[in-house]
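The residues making up each chain are set out below.
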Amino acid sequence: MIRYFLLFFIGILFCSNITAQELSGYVRNETNKPIEGVSVYVKGRTTGTVTSNSGYFRLNIREVDSIIIFQHIAYKRLERKFGYSKSTQTFDIKMAY
């Protein structure tokens, strides 16, 4: 019985890793300069990251269709919907004042 439970548990873990997807890209302002410190997160979740000094972000998500929030104190908040893809999706995000 324990053997079947372990096989079931390992199967669940394996399937959950298949659905994970990576989003990455750069956040820039209207003059194409990178924005450091932008919060990038999945709406309604605790999953998130912050952009580096070059404006780069990388975020792993598990939801098939996700709304990603880009938020910085000096810029207007952005919401972008992303669909599932089997490969890493790379984006260039522009934020306005």
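For the structure itself, look to the data block above.
Residues numbered from 1 in each chain as written. Predicted model: local features only at pLDDT ≥ 70, side-chain atom pairs only at ≥ 80, totals over all residues. Heavy atoms only, no water.

### A short note on the pairing of strand 6 (residues 78-82)
Judged from the 5 bridges that link them, strand 5 (residues 66-71) and strand 6 form a sheet pairing that is antiparallel. Bridging from a neighbouring strand, I67 pairs with K81 of strand 6. Hairpin connection of strand 5 to strand 6: 6 residues between the antiparallel strands. (Pairing = 2+ DSSP bridges. Helix = DSSP H or I, 4+ residues; strand = E, 2+ residues; numbered from the N terminus.)

### So, the sheet that holds strand 1 (residues 21-28)
Strands sit in the order 4-1-7 across an open sheet of 3 strands; the sheet is mixed. Pairing within the sheet leaves two strands with one partner each, and these edge strands are strand 4 (56-61) and strand 7 (89-94). Sheet twist, expressed as the mean angle between neighbouring strand axes with direction ignored, is 25 degrees. Looking at chain direction, strand 1 and strand 4 are connected through 6 bridges and run antiparallel. Across the sheet, Y26 pairs through a bridge with Y56, a residue of strand 4. (Axes fitted to C-alpha atoms, helices over the stretch in contact; angles between N-to-C directions.)

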